[in-house]
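Notes for the structure review
The lines below spell out each chain.
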Amino acid sequence: MIRIDSVTKRYPDGTVAVDRLSLDIPDRAITVLVGPSGCGKTTTLRMINRMVEPSEGGILLDGKDIRQQPVNTLRRSMGYVIQNAGLFQHRTILDNIATVPRLLGRPKQQARARAAELMERVGLDTALAKRYPYQLSGGQQQRVGVARALAADPPVLLMDEPFSAVDPVVRKGLQDELLRIQSELGKTIVFVTHDIDEAIKLGTMVAVLRTGGRLAQFAPPAELLSA
Ligand code: ADP
Ligand code: ADP
């Protein structure tokens, strides 16, 4: 379990992005952080993999402060997916995904086999393996981003508005795919969105943040009070 324990983040210019936030993020479920632009969702997500350090409070992973392990070890246990996928533009789709197992020391053939397997898992035709990112649609690129995040088989996936840039029909397909992947692989997913419908569809638990970085509600979708 990831425990966010009374965390405040104050940026150097004085902006309080997150204000005394406490959340227990359950294992093997999707926890959605939702709220208006600027309410501290991305900051919260980035504190979980230490791209941002809290000003006060702490974050525990399975009971241990995340600062007690090397940051690279922590990040290897957490896949990270962002809007527009952040793919390497000069590498093929297969190489974009195979890069991760290669970095983990896998031989080339094994890494490629793993990448091909992941393409299928996220619903990408392996005929796309030799293409470059610009030759794929936005929705296909996001699938590559998800496959790459899964490549190290991390227990945790951090997802920052991964589907916001694609059209509504494709987005629905990606959401269904994510629900399927989550139930098949049992990943712990923290998912950021500003779209309450997306939060309700995907969330096992939904954390509603409000401007100023404070928690308004934390509940399963069916128990959210309309605000
Ligand atoms: P969200 O993801 O909900 O849009 P963010 O976490 O990106 O919110 O930002 C929360 C608040 O912190 C906003 O007011 C934003 O302008 C501010 N902020 C984000 N990053 C920085 C930064 N590096 N320096 C100063 N302020 C920042
Ligand atoms: P561990 O016992 O730590 O899981 P492994 O050698 O099985 O050790 O895996 C090391 C890392 O490589 C893990 O993140 C794992 O998910 C990933 N991995 C497992 N199988 C493959 C594979 N065939 N190709 C690439 N990466 C893999």
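All values derive from a computational prediction rather than experimental measurement.

Parameters and conventions
- Residues numbered from 1 in each chain as written.
- Chains lettered and ligands numbered in written order.
- Predicted model: local features only at pLDDT ≥ 70, side-chain atom pairs only at ≥ 80, totals over all residues.
- Heavy atoms only, no water.
- 1 Å grid on protein atoms, 1.4 Å probe; cavity = no way out; pocket = protein on both sides within 12 Å on 5 of 7 lines; lining within 4 Å.
- Points joined across faces, edges and corners; volume = space filled by probe spheres on them.
- Helix = DSSP H or I, 4+ residues; strand = E, 2+ residues; numbered from the N terminus.
- Near = heavy atom within 4 Å.
- Polar contact = N/O pair within 3.5 Å; in protein donor to acceptor, adjacent residues only side chain to side chain.
- Areas by Shrake-Rupley, 256 points an atom, 1.4 Å probe, with all protein chains shown as cover.
- Nonpolar A, V, L, I, M, F, W, Y, C, P; charged D, E, K, R; others polar.

Now for empty space enclosed by the protein. This structure, assessed with the given rule, holds one cavity of 30 Å³ or more. Looking at the largest cavity, its volume works out to about 50 Å³. Around the largest cavity, the lining residues are Val122, Arg143, Val146, Phe163, Leu174, Glu177, Leu178 and Ile181. At the level of secondary structure, the elements contributing two or more residues to the lining of the largest cavity comprise helix H5 (138-150) and helix H6 (168-185). Per-element accounting of the lining of the largest cavity gives the leading share, four residues, to H6.

Turning to the site of ligand 2, a few remarks are in order. Pro101, Leu104, Arg106, Gln110, Arg114, Ala152 and Asp153 make up every residue found near ligand 2. At a separation of 2.7 Å, an oxygen atom of ligand 2 approaches a polar side-chain atom of Arg106. Ala152 places a main-chain nitrogen or oxygen 2.4 Å from an oxygen atom of ligand 2. Relative to its free-state accessible area of 540 Å², ligand 2 is covered by the protein chains to the extent of 46%. Taken together, the residues of the shell around ligand 2 sort by class into three nonpolar, one polar and three charged.

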